[in-house]
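Coordinates in review
This is what each chain is made of:
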Amino acid sequence: MLRYWTAGESHGKCLLALIDGFPAGFEINTDKIDELLVMRQGGYGRGKRQTLEQDHVDVLTGVWNNITLGAPITLKVPNNDYKLERLKELPRPRPGHGDLSGSLKYLSSMRGILERASARETCVRVAAGALCQQLLESFGIQTLGYVVQLGGLKIPGKEGTLVQRKAWRNESEIYSLNPDLDGEAKTLIDETKKAGDTLGGVIEVVVEGLPFGLGTHAQWDRKLDGKLAQAVMAVQAIKGVEIGMGFEAAGLPGSQVHDGIQYESSEKSTANLGYVRPTNNAGGLEAGMTNGQPLVIRAAKKPISTLQTPLESIDMETKQPSKASYERSDVCALSAASIIIEGVVAFEIAAALIDKFGGDSIEEMKARWDLFHEMAGEK
Ligand code: EPS
């Protein structure tokens, strides 16, 4: 069973991820983890904090000479902007943030809440996800996250192989699949910044090369769609998750929603075993299990809740109306969210892969992967 926890505050010494249940005998590449950490810091519309940090991973436990031991793995990302003791209390809660509810729940300062609630924590979720992406790639499973909508502006991607789409995503300053459309999106971010406002949008993540049967129909809390929804929804500022056709399917008859089943031995791959679908409205999941098609999941991100032109709030001392406190923040962190959600999706897929193929060692997983494909291929 693969699981992880994170620890650390936005302006504390560091962020940590503790990953339990990662198989032994796997060679990790920390440079590739750092590449995704750098991407998480980037994207158009980020604030000053990202100029202060040079995020990189330090592997503290569970790995010797770059080979995993099967023991808990601890990943550390240090904070250059460490100043927890010097930070002042926030007097007026920001609508949309956890300031008010958290300080009442914990009977604590709002500073103590916002430091942990901050999206800075996602740097170690990206690191944990990047490790899992390396595991998935060794089985031919590829994950890609990108922006499909910024505020009200839809950004349709270009069609291409996953390798081409990844190259476009990496080229785009918005992290969309069409760098040619960056201009309009950047203008929208600039105008929003000028107005002292913030922007959200929609992220899509695809996972290709998935085998049949990750997740299960047999018990609600082991269904992969449910696990993915929880992981994605638990990313800061995410307010909606949909798989495949998602909410659109609710308004259409079944004949226009469900993906017909065909068998084409000439199109047989490790993923589809020859069972092909003319459409993929299910987004790669049926009854909580992968169905040999690419996984497609989307997340709606609300605009960042710290506004330069602050919203209506109250002063916690006097309870009188007062504008919300302003903290340094970003105008738009949607591009970063595409890297974060790519990471959290990769983690859940790796967990499901380990559940299906056993997670003690990479050698055993590979042997069981081969055996399953031989047996399922003969069915
Ligand atoms: C973030 C770091 C934070 C914010 C932002 C994301 O740094 P600081 O608070 O020092 O400016 O820029 O956090 C939020 C949007 C939030 O709601 O807390 C990061 O590294 O992603």
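The structure this text deals with has already been given above.
For the structure given in this document, a descriptive report is provided here. (Residues numbered from 1 in each chain as written. Predicted model: local features only at pLDDT ≥ 70, side-chain atom pairs only at ≥ 80, totals over all residues. Heavy atoms only, no water.)

1. Focus: the site of the ligand
- Lining the immediate environment of the ligand, one finds His 11, Arg 40, Arg 46, Arg 49, Gln 50, His 97, Ser 118, Ala 119, Arg 120, Arg 328, Ser 329 and Asp 330.
- Note that an oxygen atom of the ligand is positioned 3.1 Å from one of the side-chain N or O atoms of Arg 46.
- In this structure, an oxygen atom belonging to the ligand sits 3.3 Å away from a side-chain N or O atom of Ser 118.
- The protein chains hide 90% of the 470 Å² of surface that the ligand would expose on its own.
- Residue composition of the shell around the ligand, grouped by class: one nonpolar, five polar and six charged. (Near = heavy atom within 4 Å. Polar contact = N/O pair within 3.5 Å; in protein donor to acceptor, adjacent residues only side chain to side chain. Areas by Shrake-Rupley, 256 points an atom, 1.4 Å probe, with all protein chains shown as cover. Nonpolar A, V, L, I, M, F, W, Y, C, P; charged D, E, K, R; others polar.)

2. Some thoughts on the sheet that holds strand S11 (residues 238-243)
- What the five strands build is an open sheet, ordered S8-S7-S9-S16-S11; its pairing is antiparallel. Edge positions in the sheet fall to strand S8 (153-154) and S11, since each of these pairs with one other strand and no more.
- As defined by bridge partners, strand S7 (residues 142-150) adjoins strand S9 (residues 201-208) across eight bridges and the pair is classed as antiparallel. Looking across to S9, one finds that Val 147 is bridged to Ile 203.
- Against the sheet, helix H8 (residues 224-233) engages S11 and strand S16 (295-301), with an angle of about 155° to S11. (Pairing = 2+ DSSP bridges. Helix = DSSP H or I, 4+ residues; strand = E, 2+ residues; numbered from the N terminus. Contact = heavy atoms within 4.5 Å. Axes fitted to C-alpha atoms, helices over the stretch in contact; angles between N-to-C directions.)

3. Notes on the pairing of S9
- Within S9, seven of the eight residues are buried, leaving the element largely enclosed by the surrounding structure.
- The pairing of S9 with S16 spans seven bridges and is antiparallel. Bridge pairing links Val 206 to Val 296 in S16. (Buried < 20%, exposed > 50% of the residue type's maximum accessible area, 1.4 Å probe, protein only.)

4. What to know about the nonpolar core
- Membership of the largest hydrophobic core comes to 77 residues, with the highest contact counts inside it found for Val 345 and Ile 349.
- Considering each element in turn, this core owes the most residues, 17 residues, to helix H9 (residues 334-357).
- Beyond its immediate chain neighbours, meaning those up to four positions away, Val 345 contacts Val 205, Val 207, Leu 228, Val 232, Leu 295 and Ile 297.
- Counting residues in hydrophobic clusters, the runner-up holds six residues, among them Leu 144, Tyr 146, Leu 162 and Leu 177. (Core = buried A, V, L, I, M, F, W, Y, C linked by side-chain atoms within 4.5 Å.)

5. Let's talk about the pattern of salt bridges
- Evaluated as defined, the whole model comprises 22 salt bridges.
- Residue Asp 330 pairs with Arg 46 through a salt bridge whose shortest N-O separation is 3.5 Å. With a gap of 284 residues between them, Asp 330 in the loop between strand S18 (321-323) and H9 and Arg 46 in the loop between helix H1 (30-41) and helix H2 (49-52) connect regions that are remote in the sequence.
- What makes Asp 330 buried here is its relative accessible area of 16%.
- Ionic pairing is found between Arg 125 and Glu 121, a salt bridge with its closest N-O pair at 3.0 Å. Here Arg 125 matches Glu 121 in class, with each residue buried. (Salt bridge = Lys/Arg side-chain N within 4 Å of Asp/Glu carboxyl O.)

6. What to know about the sheet that holds strand S2 (residues 14-20)
- Within the open sheet, the four strands sit side by side as S1-S2-S6-S3. Their pairing is antiparallel. Taken across any chain shown, the strands that pair with only one partner, and hence form the sheet edges, are strand S1 (3-7) and strand S3 (58-61). On average, each strand axis in the sheet is tilted by 25° relative to the strand beside it, whichever way the strands run.
- Pairing of S3 with strand S6 (residues 73-78) involves three bridges; the strand directions are antiparallel. Residue pairing for S6: Val 59 is matched across the bridge by Leu 75.

7. What to know about the packing of aromatic side chains
- By the definition in use, this model includes seven aromatic pairs.
- Taking 4.3 Å as the distance between ring centres and 40° as the angle between the ring planes, the aromatic pair formed by Tyr 4 and Phe 347 counts as tilted. Placement of the pair is Tyr 4 in strand S1 and Phe 347 in helix H9, with a sequence separation of 343 residues.
- Between Tyr 263 and Tyr 275 the ring centres are 5.2 Å apart and the planes differ by 70°, which places this aromatic pair in the edge-to-face class. Linking Tyr 263 in strand S12 (residues 262-263) with Tyr 275 in strand S13 (residues 275-276), this pair joins segments that are 12 residues apart in sequence. (Phe/Tyr/Trp six-rings, centres within 6.5 Å; stacked < 30°, edge-to-face > 60°.)

8. A look at the side chain of Arg 277
- With respect to the helices and strands, Arg 277 occurs in the loop between S13 and strand S14 (285-286).
- Within polar-contact distance, the side chain of Arg 277 engages the side chain of Glu 286 at 3.1 Å.
- Apart from the residues within four sequence positions on either side, Arg 277 is in contact with Asp 259, Gly 260, Ile 261, Glu 286, Asn 291 and Gln 293.

These values are about where atoms sit, not about what they do.
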